[in-house]
Amino acid sequence: MGVIAYKDLGEVKRIIKESIKPLGEEIIDTRESIGRFIAEDIYVFNDVPECDIAHYDGFAINLVSGKTEYNVISGSVSELRPGEATYIVTGECLPAGVSVVVPVEAVTYLSKDLIKIPIDSHVAYRDSVFRRGSEFSGGGILVKRGDRVSPLIAKVLLDLGIEKIKVFKRPRVAILPTGTEFVENRSRETNSLVIKYMCESMGALVSVSEPSEDSEDVIMSRVKELINDFDMIITIGGLGEGYRDHTLRAVEGIKGSNVLVRGIKIQPGRRTSYVKIYDKPAVLSPGFMQSSIVSTLIITQPIIDLLQGGSGETHVVKGLFRLAEDYVYTGKFRDFIKVRFVELIDKENLLIKIIETNPRASIPISRSHGLVFIDPINNILRKNDLVPVYDVPGLLSF
């Protein structure tokens, strides 16, 4: 088995970004594109809106300073002269020369062809006209390659008549749990449920395979079979140094495999490995639940993001929260980044408590709301310190 050579997290991120390229492209219905990554810049050559339009039903008016009475022009009007008004409906293109649109309820009818408006209409209704090009000036890029389609972006594209767009393909991901205890039904394999959901939250198409027994030959055969059918594979377990830990040896034994990362200076999750097999990514994730989650957050989710045209930056700070009590790390991985789950115990005062527990444990972290990264330079955090808390896509969020 390859010797563990722990790499700094920054170096691991660099290796991932340099080794992953987006998958192919496809053209899909804009209505089905939410969450997908744009594969080409989308240009708009017209102004949005294409004309001055009214915000509401009322009278379009060419204002004259100090004047309150205006002549109403009926029928189709292309331009209003000073002192003239014409009735208009919401969203309709306005004639040239319109200063404001005064709503119907604010107008007094003096006769069929004469209305009176409030003296302060120029101020009260200054936002009544949606000016041409005020939303977007034609001739520019509306959406850039690599942007993720949100519901609002999809709406804007459809409003502009863009019914089809080119996006990157979603990665097909296979998860292979390992462990004879699962094959023999001596224990329940449930880690894959969590990892699957975390991957699906990133947009991956995920399939969970039946667990493999702890056999180097069997694991190798299963990995080779899956990597041929999928864009990416995730194994769970078998990364220790015990007699039943065969995953890395099995993967290393595949002709054409290239181990890029064998261990990360992060705890839990330090045994996580990253391998390219037939130029496809394989993430070897530890078997303990917390280690699996950290491995997925740090390695797997960024890879999935990059495969479908994203930036690889997948976890974001939710905000600064205050520690409810001191935290002191006294373990043996002092020069590693420590990743710890936190529980929000006081929403009003944004107080959090760090959950310190065995990496195998699931029940304590089931009450958690996010993660903190504890820098190896400072293994001590004090009560009332403000610390950034990160969400975990598809798993934890405030």
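Since this is a predicted model, take the numbers as computed values, not measurements.

Turning our attention to the sheet that holds strand S4 (residues 58–61). The six strands are arranged S7-S4-S6-S5-S9-S8 in an open sheet whose pairing can be described as mixed. A strand with exactly one partner marks an edge of an open sheet, and here the two such strands are strand S7 (100–103) and strand S8 (108–111). Each adjacent strand pair in this sheet contributes to an overall mean axis angle of 40 degrees, direction not counted. Bridging between strand S5 (residues 69–72) and strand S9 (residues 114–116) involves three bridges; their strand directions are antiparallel. Its bridge partner lying in S9, Asn71 is registered against Leu114.

The next thing to look at is the state of the cysteines. Per the stated rule, a full pass over the model turns up one disulfide. With its sulfur 1.9 Å from that of its partner, Cys51 forms a disulfide with Cys93. Taking the sign of the S-S torsion, about -70 degrees here, the bridge from Cys51 to Cys93 comes out left-handed. Taken as a pair, Cys51 in the loop between strand S2 (42–44) and strand S3 (53–54) and Cys93 in the loop between strand S6 (84–88) and S7 lie far apart in primary sequence, 42 residues in all.

All right, on to the nonpolar core then. Counting residues in hydrophobic clusters, the biggest one holds 39 residues, and the most contacted among them are Ile16, Met232, Ile266, Ile299 and Ile303. For this core, the secondary structure elements donating two or more residues are helix H1 (9–19), strand S13 (172–177), helix H5 (191–200), strand S15 (232–236), helix H8 (289–307) and strand S22 (337–346). When sequence neighbours within four positions are dropped, the list of residues in contact with Ile266 reads Leu9, Val294, Ile298, Phe336, Ile337, Val339 and Phe373.

So, about the pairing of strand S20 (residues 317–323). Here S20 pairs with strand S26 (residues 386–390) via five bridges, running antiparallel. Each residue of the ladder has a partner; that of Gly319, found in S26, is Val389. Inspection of the sheet shows S20 paired to strand S23 (residues 351–355) by two bridges, in the parallel sense. Looking across to S23, one finds that Arg322 is bridged to Leu351.

What counts, and where the lines are drawn
- Residues numbered from 1 in each chain as written.
- Predicted model: local features only at pLDDT ≥ 70, side-chain atom pairs only at ≥ 80, totals over all residues.
- Heavy atoms only, no water.
- Pairing = 2+ DSSP bridges.
- Helix = DSSP H or I, 4+ residues; strand = E, 2+ residues; numbered from the N terminus.
- Axes fitted to C-alpha atoms, helices over the stretch in contact; angles between N-to-C directions.
- Disulfide = S-S within 2.5 Å.
- Core = buried A, V, L, I, M, F, W, Y, C linked by side-chain atoms within 4.5 Å.
- Buried < 20%, exposed > 50% of the residue type's maximum accessible area, 1.4 Å probe, protein only.
- Contact = heavy atoms within 4.5 Å.

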